[in-house]
Amino acid sequence: GAVVSQHPSRVICKSGTSVKIECRSLDFQATTMFWYRQFPKQSLMLMATSNEGSKATYEQGVEKDKFLINHASLTLSTLTVTSAHPEDSSFYICSARDWRYQETQYFGPGTRLLVL
Amino acid sequence: SQKIEQNSEALNIQEGKTATLTCNYTNYSPAYLQWYRQDPGRGPVFLLLIRENEKEKRKERLKVTFDTTLKQSLFHITASQPADSATYLCALGGVYNNNDMRFGAGTRLTVKP
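Caption draft 1: Structural context of the state of the cysteines. All names here are of chain A. Enumeration according to the criterion identifies 2 disulfides over all chains in this entry. Covalently, Cys23 is tied to Cys94 through a disulfide, its sulfur atoms 2.0 Å apart. Handedness of the Cys23-Cys94 disulfide follows from its S-S torsion of about 80°: it is right-handed. Note that Cys23 is positioned in strand 3 (residues 19–25) and Cys94 in strand 9 (residues 90–98), a separation of 71 residues in sequence. Comparing Cys23 with Cys94, the two get one shared label, buried. The structure places no disulfide on Cys13, whose sulfur is separated from the nearest cysteine sulfur, that of Cys94, by 18 Å. Overall, Cys13 belongs to the buried group, its relative accessible area being 10%.

Take a look at the structure:
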């Protein structure tokens, strides 16, 4: 149980284009989902917390107009990187919290984004 | 300033030995602490959670301790195997609210046969 999927697993795009990443909880309902980014050999940095049916809460320094988050249902959250630039290249990971077990986050496999 | 420090970037041990990883934190008061395993190019996988009022937790070959006075958690893998080779992350939870979780940079463990 507690499986979280992400799609796509890898994406290469040109500078200036937008990229959408999907995060799904497959066998549980997730009232809260989280988006992280991770640079090589560095820790996961929380970008935003998204609650189903409401606006996402962004961490300090994360541009909400650049990283659009939509949590439309209890099993799906999307992150759209708008007008991507090479410095946005990173490993993006989502996680979901099972409403029954509030403390543990279950992570997706991650999406590797490369902006040329 | 607030910090989460994991003892070393990399730890190499021989198969069969016990691996001990350290997580120290400053200027945080977590309600709980979690350990995750992360393999290259993959998302973290939850291993263990320990709450602030618990001293020790065990799960199979894994043991976690939590000392809120020292502001430290130790993560032990007994009878280590090459398959245990991965990066291990500690995460502090409930720091600002129940949703909040802050991660350390991780320790890359290599178990040699």
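After presenting the structure, the write-up continues.
Caption draft 2: Examining the sheet that holds strand 7 (residues 67–73) of chain A more closely. Residue and element names in this part refer to chain A. In space, the 4 strands of this open sheet follow the order 1-3-8-7, with antiparallel pairing throughout. Lying at the two open borders of the sheet, with one neighbouring strand each, are strand 1 (4–7) and strand 7. Direction aside, the axes of adjacent strands within the sheet are offset by 15° on average. Sheet topology note: the strand 3/strand 8 (residues 76–81) ladder contains 6 bridges and is antiparallel. Across the sheet, residue Arg24 finds its bridge partner in strand 8, namely Leu76.

What counts, and where the lines are drawn
- Along each chain, residues carry numbers from 1 onward, in the same order as the chain's sequence is written.
- Think of it this way: whatever chain is written first is A, whatever ligand is written first is 1, and the rest follow in order.
- Since the coordinates come from a predicted model, pLDDT governs what is reported: local features require at least 70, and pairs of side-chain atoms require 80 or more to be given and counted, while whole-chain, interface and lining totals use all residues.
- Where side-chain values are given, they derive from all heavy atoms of the structure, hydrogens and water being excluded.
- Cysteine sulfur atoms that pair up within 2.5 Å are treated as a disulfide.
- Helix and strand assignments come from DSSP, with helices taken as H or I runs of at least 4 residues and strands as E runs of at least 2, each series counted from the N terminus.
- With a 1.4 Å probe rolled over the protein chains alone, any residue whose accessible area is under 20% of its type maximum counts as buried; one over 50% counts as exposed, and the rest are partly exposed.
- Paired strands, as defined in this entry, are two strands with at least two bridges between them according to DSSP.
- To obtain an axis, a line is fitted to C-alpha atoms, over the contacting stretch when the element is a helix, and the angle between two such axes runs from 0 to 180 degrees between their N-to-C directions.

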